[in-house]
Amino acid sequence: MGKYQRRDKIARLISWGHWFTFANIILCLFIGLLYIEAAPKPPTAIGNIYMLISWIGHFAFLPFVFFIILIFPFCLIVHYSKILRGFAALIASFGFIALIADALFFRQYGYHLNTYSLAQMTRDAEAVFTGASFVIISAILLGFLLIFGLQLILANLAWKRLEDLQHRKFGAPVTSLFVLCFLISHSLHVWADAALYDPITQQDDMFPLSYPTTAKTLMAKHGVIDVETYQARQQMLMATDQIKLKYPQQPLLCSKTDSQQSTTLILFDRGSTTIQQELKQLAGNHQLEKTKLQLLAHPSRDGGLFQVLYGLPDFYQESIERQQLKPAYLKPLSDFNFDVRWYHSDGWDNALSLTQFNRDWNSENLSEFSASNQNQINIVFITENDISALSSVLQQTEQHQLLLTSLSPAQSDGLLGNKQFALNNMQVPLWQRHYQLASQPIAGLMDIIPTMLESRISCAGSHKNYTNGENLQTLKRRWPLVETYSPYIVIYDEKEITILDNSGQFSVYSSSDFKLKKQAEPPVPVLIDALKDLKRFSNTEENN
C-alpha cells in the first residue's frame, strides 16, 4: 500500500471513528436521563440550566475520551476496518454495560459503582432471593451480548454510509455545542462553589466519573480566596439547616410475640474501674456474663442517655426535647400490657432525669424496686456511689433477661479533640444474662433497645421504624458502625475511623493505634449510606 493510500485509509478510519463515537454519544445522553430522573430536582432556574448543559457536556465527553484513548490509536495502527469495527464494538459494549449498571445502581442507592457498592448490591440481592450472584452474572452476560450486537450494527452502518455522513453539515455545529456545554458547565461550577450555591454544587455526584473543578482548590491555589474564610462561610450556611422530625418513621403496627419473660436494663452513668471490679465479684452469684463485643458509649452522659432510650442519633435530641416526645415503642408496649418501669438510685444526677424529654415522664427511687417474672420491663439508672444497691436488683431479677452497661466512658471528660473517639477510649463493657447475642465485633448504645424489644413486640417494618439501632441477637458481622457524637459523625470501620464535623471537614485514623492517615479520604458510598441512614427520621430544609 502506497503512502497516500495508507494516509487516506487512516483518514477514513478516523472519520468512521468520529461518527461511531457520535452515535454512542446519542445513546449515552439517553442513558444519562436515568440519572437526572433519579436525582433531586434543583429548586432554581440556574440549577436546572446547569443540569441540562452538564448532562449534554458530560455524556458527550465520556464517549469522546474513550475514543481518543482506546480507539484512535488503533486507527493509526490497524488498517483493517473489520478488525477495528469489531474491536470498537467490543470496547463500547463494555463501556455501556458499566454505564447502564451504574445508572441502575445510582437509582437504587444514590451513589456510583465501585468495589464497595458491588459488595453492597450482592448482599442486598442475596437477602431478597437465593442464588443472586448467578442471576446477576447471567443478566450481565445477556445484557452484554445484546449491547454488543447493537454496537456491531452501529459500527457497520457508520462504515457503509461513511461517504454520505461525511457530506452532512451538522457534524461541526453539534460538536461545537458539546464542547461549549462542557466548558460552560465547569465554569458555572467554579462560580457556584465559590458562592456556596447549593442548587449547583449538590449535583456534584450525580453523573459517573464526574470531577468538576472546584473554586476552593482552584482559587485557593492561586491566592484568590482565603481557605479559612471559605470554611467559616460554609459552616454558617450549614448551621441554617432545620431538622423536622419524622418519628416514628411510619405508624407502629405491632403484634405481641410469644415471649413473656421479663427483662431488665441497668445503666451506670459512667463506666469506671470500681464498677467493673464489683461486677466481676457479683457475676458468679448472679449469672452475669461479660460479652466480647466492643460496645461504644457516648462522650457525654446526656447524649448516651438519649441514644439508649430512643435508639436515635443524638442530633435528634434537641427536636425530641422541644416537642416533648416519649420513645415511640412505649405505645405498643402499653397496648400489650407490658409493665414498663423506670428507677433511679439516690445519687443519680437530676440533670439526667427523664423529664428533660417529657415533663410527665418520671422514674421512681430504686428503693421502690419490685420485680415480676412476666411481662415486665425495668430500666434502672444507677451510679458508682450507689453500687451497693445493685446486688438486691440482680437477686430480684434472676429470672429476667438482663443487660448492663454504662452511658459514658470513665475518662471521656479528660480527653479533648478527636482522641476521645479512639476505640479504647469509647469502649464500655456490656454484661448480659439469658441473652444469646450473635458473634460480632462492635455495637453502639442505639442497639440496646431493639435488642431488648425484638423478642417482645414484632412491628411492620421491624425496629427500623423507631430506631437506628440493630438487634444484637441476630445481627452478625457489622462494619461499618456509624455513630453521632454531636457535632461529629464518626464512622468506625474494621481498619480505619473517619471523623467528620459539621463543616464537612474530616480526618481519617487507623483503628488499631489511632494514628492520623494523611491524605486519606472516607469512601464516598459508605459516607452516603451513613448519612441516609442517620437522617431517616428527619426532613431537612435549608433556609437560603
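All figures in this text were calculated on a predicted structure; none of them were measured in a lab.

**Observations regarding empty space enclosed by the protein**
Thought 1: Summed over all chains, the structure comprises two cavities of 30 Å³ or more.
Thought 2: Taken as a whole, the second largest cavity encloses approximately 40 Å³ of empty space.
Thought 3: Along its surface, the second largest cavity is lined by Tyr329, Leu330, Leu333, Val340, Trp342, Ile377, Ile379, Ile449, Met452 and Leu453.
Thought 4: Sorting the residues of the lining of the second largest cavity by element identifies helix H14 (330-335), strand E6 (339-344), strand E8 (376-382) and helix H17 (448-453) as the ones contributing at least two each.
Thought 5: Ranked by residues supplied to the lining of the second largest cavity, first place goes to H17 with three residues.
Thought 6: Residues that form the lining of the second largest cavity fall into these classes: ten nonpolar, no polar and no charged.

**Describing the nonpolar core**
Thought 1: If you look at the biggest cluster of nonpolar residues, it comprises 46 residues, and the most contacted ones within it are Tyr247, Leu309, Tyr310, Trp342 and Phe381.
Thought 2: Looking at this core, the elements that each hand over two or more residues are strand E3 (263-268), helix H12 (301-310), H14, E8, H17 and strand E13 (457-459).
Thought 3: Ranked by residues supplied to this core, first place goes to H12 with five residues.
Thought 4: By size, the runner-up hydrophobic cluster in this structure holds 24 residues, among which are Leu29, Ala60, Phe106 and Phe178.

**Describing the confidence of the model for the protein chain**
Thought 1: When the pLDDT values of the protein chain are averaged, the result is 82; 85% of them are 70 or greater.
Thought 2: The secondary-structure element of the protein chain with the lowest mean pLDDT is helix H10 (residues 227-238), recorded at 50, while E3 shows the highest, at 94.
Thought 3: This model gives residues 236-241 a pLDDT under 50, and the stretch forms twelve contacts once residues within four places in sequence are excluded.

**Examining the packing of aromatic side chains**
Thought 1: Per the counting criterion, the structure on display carries 27 aromatic pairs.
Thought 2: Between Phe59 and Phe207, the ring centres sit 5.0 Å apart and the planes meet at 75°, which makes this aromatic pair edge-to-face. With Phe59 in helix H2 (residues 45-77) and Phe207 in the loop between helix H8 (198-201) and helix H9 (215-221), this pair connects stretches of sequence that are 148 residues apart.
Thought 3: Judged by relative accessible area, Phe207 falls into the buried class, the value being 5%.
Thought 4: Geometrically, the ring pair formed by Phe421 and Tyr485 is stacked, given 5.5 Å between the ring centres and 10° between the ring planes. Of this pair, Phe421 sits in the loop between strand E9 (401-406) and helix H16 (423-426) while Tyr485 sits in strand E14 (residues 481-485), and the two are 64 residues apart along the sequence. Taken as a pair, Phe421 and Tyr485 share a single burial class, namely buried.
Thought 5: Aromatic rings pair up to connect Tyr247, Phe306, Tyr310, Phe315, Tyr316, Trp342, Phe357, Trp361 and Phe537 into one cluster.
Thought 6: Sitting over the ring of Trp159, Arg12 keeps its end group 4.5 Å from the ring centre.

**Brief notes about the state of the cysteines**
Thought 1: The final tally for this structure, using the stated rule, is one disulfide.
Thought 2: Note that Cys254 is cross-linked by a disulfide to Cys459, the S-S spacing being 1.9 Å. Given an S-S torsion of about 95°, the disulfide between Cys254 and Cys459 has right-handed geometry. Of this pair, Cys254 sits in strand E2 (residues 254-256) while Cys459 sits in strand E13, and the two are 205 residues apart along the sequence.
Thought 3: Given the relative accessible area of 19%, Cys254 is considered buried.
Thought 4: The class for Cys459 is buried, based on a relative accessible area of 10%.

Calculation notes
Residue positions within a chain follow its written sequence, with the count starting from 1. Local features in this predicted model are restricted to residues whose pLDDT is 70 or higher, and side-chain atom pairs enter the listing and the counts only when it is 80 or higher, whereas totals over whole chains, interfaces and linings include all residues. With hydrogens and water stripped out, all remaining heavy atoms of the structure feed into the side-chain values. Cavities and pockets were defined on a 1 Å grid built over protein atoms only: a cavity is a set of grid points that admits a 1.4 Å probe from which the probe cannot escape, a pocket is an open set flanked by protein on both sides within 12 Å along at least five of seven lines, and lining residues are those with an atom within 4 Å of any such point. Grid points are joined across faces, edges and corners, and a volume is the space filled by probe spheres set on the points. By the criteria applied, helices consist of DSSP H or I runs no shorter than four residues and strands consist of E runs no shorter than two, each listed in order from the N terminus. Under the scheme applied, nonpolar residues are Ala, Val, Leu, Ile, Met, Phe, Trp, Tyr, Cys and Pro; charged residues are Asp, Glu, Lys and Arg; polar residues are all the others, including Gly. Put simply, a nonpolar core is a bunch of buried Ala, Val, Leu, Ile, Met, Phe, Trp, Tyr and Cys residues held in one set by side-chain atoms that sit within 4.5 Å of each other. A 1.4 Å probe rolled over the protein chains alone gives each residue an accessible area, and that area as a share of the maximum for its type sets the label: buried under 20%, exposed over 50%, partly exposed in between. The quantity called pLDDT is the predictor's confidence in a given residue, expressed from 0 to 100. Two residues form a contact once any of their heavy atoms are found within 4.5 Å. Note on aromatic contacts: the rings of Phe and Tyr and the six-membered ring of Trp form a pair at centre separations within 6.5 Å, being stacked when their planes are under 30 degrees apart, edge-to-face when over 60 apart, and tilted otherwise. Distance and angle both matter: a charge sits over a ring if NZ of Lys or CZ of Arg is within 6 Å of the ring centre and within 35 degrees of the ring normal. Throughout, a disulfide means two cysteine sulfur atoms within 2.5 Å of one another.

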